[in-house]
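# Architecture and fold: a report
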Amino acid sequence: MTLGGGASTGTAALAAHGLSKRFKKKVALDKVDLEIPVGSVTALVGPNGAGKTTLIRICMAFERPNSGAVEVDGVDPWKHRSEALRRVGYVPQTPAVYRGLSVEDHLSMARSLHSSFDVDYARRRLDQLGIPLDQRADTLSGGQAAQLGLAVALGTRAKVLLLDEPLANLDPLARREFIQVLLDAVKSDGSTALLSSHIVTDVEDACDRLVILGGGKVRLDCPLEEARQAHRLTEADSPPAGATAVGSFLSKGGKDILTLWRLAPGADPSAEPGQQSETASLEDVVLGYLAAGRGVGLQLN
Amino acid sequence: MLSRIRLTFKQHRFETIAVAAVCVALTAAALIEAYRLNSLNVPLSCLQTYQGGFIDPSQGPVTAAQAHCNELAKSFFDTTRSLDMNLVQLLLLLVPLIAGIVVGAPLVAREIEQGTAPLSWALSGSRRRWLLGKVLAGVLLLAPLMLAVGLAANVLEGALNPGLNPYASFSNYLGRGVPDVFWALAAFAGTFALGTLFGRTMPALVVALVVCFFARAAWDAGMTHFVLRPFAVQQDQQDQQQSGIVIYGPGGSGSADMYVYSKSFIDGKEVTDAQVNDWYNQNMVCAPMPAPTSGASASSTDLSSPDASSSPGAPAAPDNPPGGFACQTPTIDPSHMPQQVMYVLPGKWYWQTVAFESGLLLLGALFCAAIAFVWVDRRRPY
């Protein structure tokens, strides 16, 4: 189920067509169709095992899809790996750094591996954060290591940035700093970012687009604002006018069952909600879509 | 590429320093041991006439010069049998393999274990180029170090066998000189290929240790049985008289042949070993000997013929007489006795043989490397 219909204008920075991936009997991605518009910062949200990492790994040519195809800036990474990877900056799930190497060594290595790596640019980014270049990378804090990973990805000056749950192991302050650096870079470079996370609140201020993955399928793909405006939340099974039910899930206290409703396409989102309905938060939207098809869903975080 | 090689050394700092330190120390130790032997200045004639301290009284009284000669020879052989000498020789045999394994095991496997492979592979469009940089670093580390170890081993071999030219002899030829470099490279390539396949350092290390040591143990027999056999030539009679089959002790012509195989003949007809044994069984006469009286020397028993009591053809004794058995062949024309012809690689073929076997090791290394280069492109980085 998608809203907004993917990229509305221009070429997609990242596109998946009928993308499926199985690991033995487990289906990680099931005929995923997705288009991430150029210049957007997209949140890829879903619970653990939803297929977020698999999708990003396929984009990085780390995994081969069983069927379908993916294109990164118009290039199939499995068929033309070098071409595709030249257009991608990647931040892995765990900030992996070389234990014996300094921060500066990491930049030198990136320069030796990536022909257009901008060492000065990456160095400036790290300078701004006060990360000493001569410090051994294995002595950096988790937040600093994540920033190093981001600086390496940004130094490639790639058109597309793929960030695989980079915030998962960071404290709130480090998360905020990370997001800020990412947004500054995306704004100044005009690049496209796909940021995966299973923590909705981390990404809702940073992103302008939302993709919800659940059970290997795209549950929602639309601009963030549209996701907020087009949904309502009620405690009872009394739908707002012209709305269709998306899914039901437990409230935070676990006492009530909440239902997420999707307003009809023509409905005026600014209309006064009924007495029993309220505007859905992004977390509610995500919970509602993940609960769809699962009966009463559990709280996402 | 230079930057990548430098960073590979830095990344594998421990292995780099450990292997370099061991190789330098071993080279120095081999040269010191060689110096110890050379500084004894034992004349070659002393070593050739030395009989392990036994002095034959039938040869008359021992002169002062002979006694000095024996003393020098004894100190020489004591040094060659010393613990430190044996340790150095053992290490010279093992270090090329161990160094190759230690450098090769973490090359790719540690990147996968520690989760740094996705970082590098995302940056490098070509994983093969990424691997090439790492492999070059390993080769640049191992080749000069192993050459130094191999040359030092050659010097030691020359000192252990005075009068022997190490570059024209097959005495211990695969454990010294240029082959050391190729043993190390083969072990290195095999191990990093295993590391690429497994993605784990320790399993790659253990499997490589087992495979390499079996390969090394089976190499000599495999080569002489299957590869070098067609190239062997009948040993020169003069060499046979001068040096026997292979010179492992001091002296001789300075050249040691490599025994590959032999053929036996009776009356000009080629026979099997079993037929030779049958011949001895049929033609040998054994008789029980009286118990030796005190003071009797071993030399008093005539065991000079090849068909002595230790011969494989000796019949089993129903009882063990106190003096054992003495077996003799009746007087037979020597031309009708079994004859053995040795087929060898002459010592002067040292360089050709070393080049050939080093080439085989290099081919093996390239084959393993090719597996790694193919697999690294296909495997997951985690």
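Residues numbered from 1 in each chain as written. Chains lettered and ligands numbered in written order. Predicted model: local features only at pLDDT ≥ 70, side-chain atom pairs only at ≥ 80, totals over all residues. Heavy atoms only, no water.

### Topic: the overall build of chain A
Each helix and strand counted, chain A has nine helices and 13 strands in total. Considering chain A as a whole, with its 301 residues, one finds that 56% of them fall into the buried category. Contacts in chain A between residues at least 24 apart in sequence constitute 69% of all its contacts with a sequence separation of at least 6. (Helix = DSSP H or I, 4+ residues; strand = E, 2+ residues; numbered from the N terminus. Buried < 20%, exposed > 50% of the residue type's maximum accessible area, 1.4 Å probe, protein only. Contact = heavy atoms within 4.5 Å.)

### Remarks on the overall build of chain B
If you tally the helices and strands in chain B, you get 12 helices and six strands. Going through the 382 residues of chain B one by one, you find that 43% of them count as buried. In chain B, of all internal contacts separated by at least 6 residues, the share reaching a separation of at least 24 is 84%. Surface accessibility of chain B: about 19000 Å² in total, with carbon and sulfur atoms responsible for 64%. (Areas by Shrake-Rupley, 256 points an atom, 1.4 Å probe, with all protein chains shown as cover.)

### Description of the packing of aromatic side chains
Residues and elements named next belong to chain B. For the coordinates displayed, the defined rule picks out 14 aromatic pairs over all chains. Ring centres 5.7 Å apart and planes at 5° place the aromatic pair Y167 and W351 in the stacked group. With Y167 in the loop between α7 (127-160) and α8 (178-198) and W351 in helix α12 (residues 350-378), this residue pair connects regions lying 184 residues apart in the sequence. Between F231 and F356, the ring centres sit 6.0 Å apart and the planes meet at 65°, which makes this aromatic pair edge-to-face. With F231 in the loop between α9 (201-227) and β1 (233-234) and F356 in helix α12, this residue pair connects regions lying 125 residues apart in the sequence. (Phe/Tyr/Trp six-rings, centres within 6.5 Å; stacked < 30°, edge-to-face > 60°.)

### A look at the state of the cysteines
Residues and elements named next belong to chain B. Summed over the entire model, instances satisfying the criterion amount to one disulfide over all chains. For C46, the disulfide goes to C69, at an S-S distance of 1.7 Å. Sign of the S-S torsion, about -125° for the bond between C46 and C69, identifies this disulfide as left-handed. Of this pair, C46 sits in helix α3 (residues 44-49) while C69 sits in helix α4 (residues 64-80), placing them 23 residues apart in sequence. (Disulfide = S-S within 2.5 Å.)

### A look at the sheet that holds strand β3 (residues 41-45) of chain A
Residues and elements named next belong to chain A. Taking strand neighbours across the sheet as the criterion, the six strands line up as β5-β6-β7-β3-β8-β9 in an open arrangement whose pairing is mixed. Strand pairing shows two members of the sheet lacking a second neighbour, β5 (88-91) and β9 (217-223), which therefore form its edges. In this sheet, neighbouring strand axes are inclined to one another by 15° on average, regardless of whether the strands run parallel or antiparallel. Bridge count for strand β6 (residues 160-164) against strand β7 (residues 192-197) is five bridges, and the pairing is parallel. In the strand pairing of β7, D164 is matched with S196. Sitting on the sheet, helix α5 (residues 142-155) touches β5 and β6, and the angle it makes with β5 is about 175°. Of the strands in this sheet, β3, β5, β6 and β7 touch helix α6 (residues 172-189), which is tilted by about 165° from β6. (Pairing = 2+ DSSP bridges. Axes fitted to C-alpha atoms, helices over the stretch in contact; angles between N-to-C directions.)

### Structural notes on the pairing of strand β1 (residues 12-23) of chain A
Residue and element names in this part refer to chain A. Pairing of β1 with strand β2 (residues 26-37), which is carried by eight bridges, proceeds in the antiparallel orientation. The residue bridging R22 from the neighbouring strand is V27, located in β2. The antiparallel hairpin formed by β1 and β2 contains two residues in its connecting segment, where K24 sits at a positive phi of about 55°. As defined by bridge partners, β1 adjoins strand β4 (residues 67-72) across five bridges and the pair is classed as antiparallel. Residue pairing for β4: L14 is matched across the bridge by V72.

### Quick look at the pairing of β6(A)
Residue and element names in this part refer to chain A. With respect to burial, β6 is a largely interior element, five of its five residues being buried. Alternating residues of β6 divide into V160, L162 and D164 and L161 and L163, and every residue in both groups is buried. Pairing geometry for β5 and β6, over four bridges, is parallel. Each residue of the ladder has a partner; that of V91, found in β6, is L163. Where the polypeptide runs from β6 across α6 and back to β7, its parallel neighbour, the crossover connection is right-handed. (Right-handed = clockwise from strand over helix to strand, strands pointing away.)

### Thoughts on the interface of chain B and chain A
Counting residues at the interface gives 27 residues for chain B and 28 residues for chain A. In this assembly, chain B packs against chain A so that about 2500 Å² is buried in total across both faces, 56% of it on carbon and sulfur atoms. On the chain B side of the interface with chain A, the three residues burying the most area are L119(B), L123(B) and Y382(B), jointly 25% of the side's total. Measuring nitrogen to oxygen at the nearest pair gives 2.5 Å for the salt bridge that ties D105(A) to K10(B). Applying the counting rule to chain B against chain A returns nine residue pairs in polar contact (both at pLDDT 80 or more). Contributing elements (two or more residues each) for the side of chain B that touches chain A: α1 (2-11), α6 (117-123) and α7 of chain B. Class assignment for the residues of the side of chain B that touches chain A results in nine nonpolar, nine polar and nine charged. (Buried area = accessible area lost by both parts, 1.4 Å probe. Salt bridge = Lys/Arg side-chain N within 4 Å of Asp/Glu carboxyl O. Polar contact = N/O pair within 3.5 Å; in protein donor to acceptor, adjacent residues only side chain to side chain. Nonpolar A, V, L, I, M, F, W, Y, C, P; charged D, E, K, R; others polar.)

### Section: the confidence of the model for chain B
Per-residue confidence for chain B gives a mean pLDDT of 83; residues scoring 70 or more make up 83%. Here residues 241-252 of chain B scores under 50 on pLDDT; set against residues more than four positions off or in separate chains, the count is 29 contacts. (pLDDT = per-residue confidence, 0-100.)

### Topic: α1(B)
Listed as buried for α1(B) are R4(B), I5(B), L7(B), T8(B) and Q11(B). Buried residues of α1(B), seen end-on, are gathered within an arc of 165° and therefore sit on one face of the element. Residues of α1(B) that are buried sit in contact with α3 (103-113) of chain A together with α2 (13-38), α5 (83-113) and α7 of chain B. (Arc of directions from axis to C-beta.)

### With respect to the nonpolar core
Ranked by size, the top nonpolar core spans 128 residues in total, and within it M60(A), L107(A), L148(A), L162(A) and L156(B) carry the most contacts. Considering every element that reaches this core, the biggest residue donor is α7(B), with 13 residues. Ignoring anything within four residues of it in the chain, the contact list for L148(A) reads V97(A), V103(A), H106(A), L107(A), L126(A), A137(A) and L140(A). The next biggest cluster of nonpolar side chains, apart from the first, holds 46 residues, and it includes V41(A), A153(A), L170(A) and A280(A). (Core = buried A, V, L, I, M, F, W, Y, C linked by side-chain atoms within 4.5 Å.)

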